[in-house]
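# Structural description and commentary
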Amino acid sequence: MNREIVESFADMVKMKGIDKDVLAGILEEVFTLLVRKKYGEEARCDVVVNMDRGDIEIYLERQIVDEVIDPGTQISIEDVNKKEMKMILMLVKITLKRLHLLLSEED
C-alpha cells in the first residue's frame, strides 16, 4: 500500500508541478482539519507526512482523566488501558509479520 501512496505522491508532483514539501504541507493541513472536524476545534494534533515512504502519522493529544468532560481533549484512564492493550497486540502482530518476511527472504 505504501508503494502505491508514494507513486501517487510522485505522480502529483510530476503532473501538477507541485513541490514535494508543499504537497506534504497541504496533506498535513487537510488531516489536521479532519481531526478538528471529528474531535472539535480545541483538539490538538500533530500530523507527519513522509513523502518518501508514503507514511502519514497522526498524533492526537488528549488529557488522561478519571471522568471525561470534553471527549475532544480528554480520554478516560479506562479507555487508555484498553487502547494500550490493542496497540501492544497490533505491534506484536506487525513484528511477527516482519519476522516472517525476513525469514522468507533468507530461504
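Each remark here, short or long, concerns the structure printed above.
## Thoughts on a nonpolar patch on the surface
The grouping of Met-85, Ile-88, Leu-89, Val-92, Leu-96, Leu-99 and Leu-103 at the surface amounts to a nonpolar patch, some 660 Å² of accessible area in total. Structurally, Ile-88 is set in helix 3 (residues 77-106). Assessed through its relative accessible area of 41%, Ile-88 is described here as partly exposed.

## What about the environment of Asp-46?
Looking at the secondary structure, you find Asp-46 in strand 1 (residues 44-50). C-alpha separation for the pair Asp-46 and Val-35, spaced 11 residues apart in sequence, amounts to 9.8 Å. Asp-46 has contacts with Glu-57, Ile-58 and Tyr-59, leaving out every residue within four places of it along the chain.

Procedures and definitions
Counting starts from 1 at the beginning of each chain's written sequence and moves along it residue by residue. Thresholds applied to this predicted model are a pLDDT of at least 70 for local features of residues and 80 or more for the giving and counting of side-chain atom pairs; totals over whole chains, interfaces and linings are not thresholded and use all residues. For side-chain calculations, the full set of non-hydrogen atoms in the structure is used, while hydrogens and water are omitted. Patch definition: residues above 30% relative accessible area lacking any salt bridge, with like charges linked at up to 9 Å and the nonpolar side chains Val, Leu, Ile, Met, Phe, Trp and Tyr linked at up to 5 Å. Using a 1.4 Å probe, accessible areas were evaluated by the Shrake-Rupley method; residue-level cover was limited to the displayed protein chains. By definition, a salt bridge exists where a carboxyl oxygen of Asp or Glu is found within 4 Å of a side-chain nitrogen of Lys or Arg. In this text, helices come from DSSP runs of H or I with a minimum length of four residues, and strands from runs of E with a minimum of two, each type numbered from the N-terminal end. To sort residues, take the accessible area from a 1.4 Å probe on protein chains only and compare it with the maximum for the residue type: under 20% means buried, over 50% means exposed, and anything in between is partly exposed. By definition in these notes, contact holds between two residues if any of their heavy atoms fall within 4.5 Å.

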